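Examination of the molecular architecture
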Amino acid sequence: SQTIHQWPATLVQPVGSPLSLECTVEGTSNPNLYWYRQAAGRGLQLLFYSVGIGQISSEVPQNLSASRPQDRQFILSSKKLLLSDSGFYLCAWNTPHPNTEAFFGQGTRLTVV
Amino acid sequence: AQKVTQAQTEISVVEKEDVTLDCVYETRDTTYYLFWYKQPPSGELVFLIRRNSFDEQNEISGRYSWNFQKSTSSFNFTITASQVVDSAVYFCALSDTGRRALTFGSGTRLQVQP
């Protein structure tokens, strides 16, 4: 069966520090991968998505970047965190087949102080 | 552009009451997919149901039921005989056949009181 792992679960980082969040998927190949962010008390916003290794599409201009160095690995990064980067980050995957649902990781709660 | 509206920010009911969560969507695509996810306090998103735009059949799964009406662009979710464990934030979402990414509504927080 397929599983998705996301870590760390919680992170407190000072303003100006770098960020690296990692997400890996097991039990499937060539998944679509996504990073979403949920600000406190709000809905989820798509940040990045990837349909293959090295292929990254950014949805909103921001202080973050994403990379996909391996088929089932998706990394969210920042060189210098801002206070506004605080939020709940969720990684998700689905198959290329259109009539399938997305599955989410357990999320990373990031607090920038 | 796609849009999902969940007008109900928060709903509070007493256990065993029925509750309906509303979802209205906008899209120019003729083929699209609708979803409901549950977000318990722990934060992870739990998939509940998927519907494609060609399937307007309503669905029932235990105490959960979904009413998809293309004519009104709505995909409403009803919980029958609610339980305390149903307390969570519920998200309606929409995806296309291109990016396959989800456009989420702002969520409805459901509180079921014992």
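What this report covers is the structure whose coordinates are included nearby. These numbers were taken from a predicted model, which means no experiment stands behind them.

Definitions and cut-offs
- Residues numbered from 1 in each chain as written.
- Chains lettered and ligands numbered in written order.
- Predicted model: local features only at pLDDT ≥ 70, side-chain atom pairs only at ≥ 80, totals over all residues.
- Heavy atoms only, no water.
- Buried < 20%, exposed > 50% of the residue type's maximum accessible area, 1.4 Å probe, protein only.
- Helix = DSSP H or I, 4+ residues; strand = E, 2+ residues; numbered from the N terminus.
- Pairing = 2+ DSSP bridges.
- Contact = heavy atoms within 4.5 Å.
- Buried area = accessible area lost by both parts, 1.4 Å probe.
- Salt bridge = Lys/Arg side-chain N within 4 Å of Asp/Glu carboxyl O.
- Polar contact = N/O pair within 3.5 Å; in protein donor to acceptor, adjacent residues only side chain to side chain.
- Nonpolar A, V, L, I, M, F, W, Y, C, P; charged D, E, K, R; others polar.

Quick look at the pairing of strand S11 (residues 108–112) of chain A now. Residues and elements named next belong to chain A. Taking every second residue as pointing to the same face, the buried face of S11 carries Thr108, Leu110 and Val112, while none of Arg109 and Thr111 on the other face is buried. Pairing of strand S2 (residues 10–13) with S11, which is carried by four bridges, proceeds in the parallel orientation. Looking at S11, one finds that Gln13 is bridged to Val112. Note: strand S9 (residues 87–94) against S11, three bridges, orientation antiparallel. If you follow Gly87 over to S11, its bridge partner there is Leu110.

It is common to report an interface's size as the accessible area lost on association of the parts. Every contact between the two is made by 24 residues of chain A and, on the other side, 19 residues of chain B. Summing both sides of the interface, chain A and chain B together bury roughly 1,800 Å²; the carbon and sulfur share of this comes to 51%. Linking chain A with chain B are one salt bridge, by the criterion used here. The salt bridge partner of Arg50 of chain B is Glu101 of chain A, with a shortest N-O separation of 2.2 Å. Taken together, the connections running from chain A to chain B amount to nine residue pairs in polar contact (both at pLDDT 80 or more). Every element with two or more residues in the side of chain A that touches chain B is listed here: strand S4 (32–38), strand S5 (44–52) and S9 of chain A. Considering every element that reaches the side of chain A that touches chain B, the biggest residue donor is S4 of chain A, with four residues. A breakdown of the residues in the side of chain A that touches chain B according to their chemical character gives 11 nonpolar, 10 polar and three charged.

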